[in-house]
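Coordinate analysis (summary)
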Amino acid sequence: MDVLQATDDRVASDEAPTVLKRRLQSRHIAMLAIGGAIGTGLFVASGASVAQAGPGGAIAAYMLIGLMVYFVMTSLGEMAALMPVSGSFATYGAKYVDEGFGLALGWNYWYSWAVTIAVELVAGQLVMRYWFPGVPGAYWGAAFLILIFLLNTMSVRGFGEAEYWFSLIKVVTVIAFIAAGVLMLAGVLHRVPGAGLHNFTIGDAPFVGGMQAMMSVALIAGFSFLGTELVGVAAGESENPRKTIPRAVKQIFWRILLFYVFAILVIGLLIPYTDPNLLKSDVTDIGVSPFTLVFQRAGFPLAAGAMNVVVLTAVLSAGNSGTYAATRMLYTLAAEGRAPKLFAKLSPGGVPRNALYLTMAVGALCFLTSLSGDQTIYLWLLNTVGITGFIAWLGIAVSHYRFRKGFVKQGYRLDQLPYRAKFFPFGPIFAVVLCLVISLGQDYQAFFAKHIDWKEIVSIYVWIPLFVAIWFAYRRIRNSRLVRYEEMEIAPWMNRLAAREDAPDDRRA
């Protein structure tokens, strides 16, 4: 299938169910961008970040990773605004780096989210144990699996609505948390003894644990921000991608960074990093979430129960958006001839049902492995997921660097772009370097252990050589090569952009 044809919004109608439909509105895209990076990494694990690196170290790590995410998102935004395709960066990798690179990037991303569905199902059943300790967790996991499946079998607008409200709950919770913290610091609510700058001076604060702690927190921060790239995946189904994508990219950095930095600042000011509760980052105990602790001390006695609802919302949101992302990525691979054609078939509502069935089947099988007595397989799958998100970000940065070079090489002006990423080439280069450092340093301490656990090391790092193997195997079989700047597929997209600008208002994208 011609990808240009498949993403042309002028043929995406009810009479042409062979292409994805542009049904995601601006508010859906904006909330997807914000909510995609707010989850258990903030609500639960942020306390562990403060405990490991101190309040200053945690804030510095999140700001550094936030800066990298900004550069990744501006890179993605520049390409997605001009070329709004579902599955985005797998296509960009194929068109502007190498066909094998795009193939490996697409399958890497599909695997990451397909397995993440199982992770969220397990987290969901653990959360429900808070209210229903006597009900087997498998029942809840199965119920959530069916719910996520149903949300994704509807039209894309149904998915967008569900994700909009999931994300809105999370955003409101973070704002309420920051507001409660400020009121506590001002003495309006119950003021905590010793709160304020005192917590930045006790012990080794504000920076604790040195570079090793900073690296560990940077990993947590990176995982927390994963999901921001979903706006690129959703570009192919956005009603007006050349306006909504740039708008979402411009908003995402400041909103998410402010949410995270201010939330962690409030935690650091109100709770000393030596508090033993902060060391616990297990979703099974919502009572030790730093959000719960602050709300309780602000005089909100039902904080634990309320946070449990929010964490459950975050879990369902991650499973829902992950299913959407994996399904669209598989659809794009099939549409481009890099996966079996049956996965490119759409339902009358414009949903790639076959891609959805396979994605849910993989998620369900991985979830079943967690129910067995021996969870070795499940833990191995879980460990392999960790690095795949950083590979996706690295792929976006590399693709954008080469796209911009080819764009200028072919004689186009930068002011012709619907959205232009700032700080080029520093931005993508910075993102590539930091992604490599974080990916290779995920568990570097394991190499210096007295007894090296090679099984654990392999489970964590296996996707790096596997990604390279898929890439070069495709190059060898298909005889592909690095795409030359002069041969990059840019002109068709620029022609379509010009046609839309010249069209009457009621015909524009």
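Residues numbered from 1 in each chain as written. Predicted model: local features only at pLDDT ≥ 70, side-chain atom pairs only at ≥ 80, totals over all residues. Heavy atoms only, no water.

**Observations regarding the overall build of the protein**
Put simply, the rule reads: Helix and strand assignments come from DSSP, with helices taken as H or I runs of at least 4 residues and strands as E runs of at least 2, each series counted from the N terminus. Throughout, exposure labels follow a simple rule: accessible area from a 1.4 Å probe, protein chains only, divided by the maximum for the residue type, with under 20% read as buried, over 50% as exposed, and the rest as partly exposed. Between two residues, a contact is recorded if the distance between any of their heavy atoms is within 4.5 Å. To be clear on the numbers: accessible area is Shrake-Rupley with a 1.4 Å probe, and residue cover counts the displayed protein chains and nothing else.
For the protein, the count of helices and strands is 20 helices and 0 strands. Taking all 509 residues of the protein together, the buried fraction comes to 60%. Sequence-distant contacts, at least 24 apart, represent 81% of the contacts inside the protein between residues at least 6 apart. For the protein, the accessible surface area stands at approximately 20200 Å², while carbon and sulfur atoms represent 65% of it.

**A word on the nonpolar core**
What counts, and what does not: The nonpolar core is taken to be a set of buried Ala, Val, Leu, Ile, Met, Phe, Trp, Tyr and Cys residues, with the residues joined through side-chain atoms within 4.5 Å.
Core analysis: the largest hydrophobic core is formed by 171 residues, its most contacted members being Phe43, Phe89 and Trp393. Here this core gets 19 residues from one element, more than from any other, and that element is helix 4 (residues 46–82). Beyond its immediate stretch of four places on either side in the chain, Phe43 contacts Ile38, Lys170, Thr173, Val174, Ser289, Pro290, Phe291, Met307, Val310, Val311 and Ala314.

**Side note on the confidence of the model for the protein**
Definition in use: Values of pLDDT, which run from 0 to 100, indicate the predictor's confidence residue by residue.
Per-residue confidence for the protein gives a mean pLDDT of 82; residues scoring 70 or more make up 88%. Low pLDDT, under 50, characterises residues 505–509; the predicted model gives this stretch 8 contacts beyond four residues in sequence or across chains.

**Re a nonpolar patch on the surface**
Filter applied, for reference: The residues that make up patches have over 30% relative accessible area and no salt bridge, and they are joined within 9 Å when like-charged or within 5 Å when they are Val, Leu, Ile, Met, Phe, Trp or Tyr. Any Lys or Arg side-chain nitrogen located within 4 Å of an Asp or Glu carboxyl oxygen qualifies as a salt bridge.
Among the surface-exposed residues, Tyr130, Trp131, Phe132, Val135, Tyr139 and Val309 lie close enough to one another that they form a single nonpolar patch of about 570 Å² accessible area. Tracing the backbone through its elements, the reader meets Val135 in the loop between helix 6 (99–128) and helix 7 (137–153). In this structure Val135 comes out as partly exposed when scored by relative accessible area, which is 31%.

**As for helix 7**
The following threshold applies: How far a helix is expected to stretch is found by multiplying one less than its residue total by 1.5 Å.
If you check helix 7, its first and last C-alpha atoms are 25 Å apart, about what 17 residues at 1.5 Å a residue would give, namely 24 Å. Considering only its buried residues, helix 7 is in contact with helix 6, helix 8 (156–185), helix 13 (303–335) and helix 14 (353–369).

**As for the packing of aromatic side chains**
Here the distance between the centres and the angle between the planes together describe a pair of aromatic rings. Let me state the cut-off plainly: Only Phe, Tyr and Trp rings are paired, with Trp represented by its six-membered ring, and only when their centres lie within 6.5 Å; those with planes under 30 degrees apart are stacked, over 60 edge-to-face, the remainder tilted. Whether a charge sits over a ring comes down to the Lys NZ or Arg CZ being within 6 Å of the ring centre and within 35 degrees of the ring normal.
Going through the model one piece at a time under the given rule, you end up with 30 aromatic pairs. Ring centres of Phe132 and Trp140 lie 5.2 Å apart, and the angle between their planes is 35°; on these two criteria the pair is classed as tilted. Where Phe295 meets Phe300, the ring centres are 6.2 Å apart and the plane angle is 90°; that geometry is what we call edge-to-face. Classification of Phe295 by relative accessible area gives buried; the value is 11%. Put simply, the rings of Phe43, Phe177, Phe291, Phe295 and Phe300 pair up and form one aromatic cluster. For Arg404, the ring lying beneath its charged end belongs to Phe424, and the centroid distance is 4.6 Å.

**Digging into the packing of helix 6 against helix 19 (residues 463–478)**
Note the cut-off: Every angle, taken between N-to-C directions, lies between 0 and 180 degrees, and every axis is a line fitted to C-alpha atoms, over only the stretch in contact when it is a helix. In this scheme, roughly parallel covers angles under 35 degrees and roughly antiparallel covers those over 145, while 65 to 115 is roughly perpendicular and the rest are oblique. Each crossing is labelled by how the near helix is turned from the far one, with a counterclockwise turn of less than a right angle marking it left-handed and a clockwise turn marking it right-handed. For this scheme, ten residues count as nonpolar: Ala, Val, Leu, Ile, Met, Phe, Trp, Tyr, Cys and Pro. Four count as charged, namely Asp, Glu, Lys and Arg, and the remainder, Gly too, count as polar.
Contact geometry of helix 6 with helix 19 gives a least axis separation of 7 Å together with a crossing angle of 140°. Here helix 6 is positioned oblique relative to helix 19, judged by the angle of their axes. You can see that helix 6 and helix 19 cross each other, and the crossing is right-handed. On helix 19, the residues that touch Glu99, Gly100, Phe101, Leu103, Ala104, Leu105, Trp107, Asn108 and Tyr111 of helix 6 are Trp463, Phe467, Ile470, Trp471 and Tyr474. Looking at the contact of helix 6 with helix 19, its residues break down into 11 nonpolar, 2 polar and 1 charged.

**Overview of the packing of helix 5 (residues 89–96) against helix 16 (residues 388–409)**
Where helix 5 contacts helix 16, the two axes come as close as 9 Å, and the packing angle between them is 45°. With respect to helix 16, the element helix 5 is oriented oblique. With respect to the hand of their crossing, helix 5 and helix 16 are arranged in left-handed fashion. Between helix 5, through Phe89, Tyr92, Gly93 and Tyr96, and helix 16, the contact on the second element is made entirely by Ala392, Ile396, Ser399, Arg402 and Phe403. Among the residues forming the contact of helix 5 with helix 16, the class breakdown is 6 nonpolar, 2 polar and 1 charged.

**What about helix 14?**
Note that an α-helix has 3.6 residues per turn; residues three or four places apart therefore point the same way. For helix 14, which comprises 17 residues, the first-to-last C-alpha distance of 24 Å matches the rise-based estimate of 24 Å (1.5 Å per residue) to within 8%. All buried positions along helix 14 are accounted for by Ala355, Leu356, Thr359, Met360, Gly363, Ala364, Cys366, Phe367 and Thr369.

**Remarks on the side chain of Ser317**
Which entries qualify depends on this criterion: Distance and chemistry together define a polar contact, namely a pair of N or O atoms within 3.5 Å, with one atom able to donate a hydrogen and the other to accept it when in protein, and with adjacent residues in sequence counting only for side-chain atoms on both sides.
As for its position among the elements, Ser317 is in helix 13. The class of Ser317 is buried, set by a relative accessible area of 1%. A distance of 2.4 Å separates the side chain of Ser317 from the side chain of Glu163, its partner in a polar contact.

**A few points about unusual backbone geometry**
With omega at 5°, the peptide bond leading from Phe424 into Pro425 counts as cis. Looking at the secondary structure, you find Pro425 in the loop between helix 16 and helix 17 (426–440). Within the chain, Phe423 stands out as a residue other than glycine whose phi angle is a positive 65°. Its place among the elements puts Phe423 in the loop between helix 16 and helix 17. For Phe423, a relative accessible area of 51% translates into the label exposed. Even without a glycine there, the phi angle at Asn479 is positive, about 60°. Among the structural elements, Asn479 can be located in the loop between helix 19 and helix 20 (491–502).

**Some remarks on the pattern of salt bridges**
Pairs may arise between side chains of opposite charge once their charged atoms sit close together. Across all of its chains, the model carries 9 salt bridges by this definition. The partner of Lys409 in a salt bridge is Glu486, and the shortest N-O contact between them spans 4.0 Å. Of this pair, Lys409 sits in helix 16 while Glu486 sits in the loop between helix 19 and helix 20; the two residues are 77 residues apart in sequence, bridging distant segments of the chain. On the basis of relative accessibility, which here comes to 53%, the residue Lys409 falls in the exposed class. When the shortest N-O distance is used, the salt bridge between Arg481 and Glu487 registers 2.8 Å. In this structure Arg481 comes out as partly exposed when scored by relative accessible area, which is 44%.

**Quick notes on the side chain of Asn308**
Tracing the backbone through its elements, the reader meets Asn308 in helix 13. Asn308 sits in the buried class, given a relative accessible area of 0%. A distance of 3.1 Å separates a polar atom in the side chain of Asn308 from the backbone oxygen of Val127.

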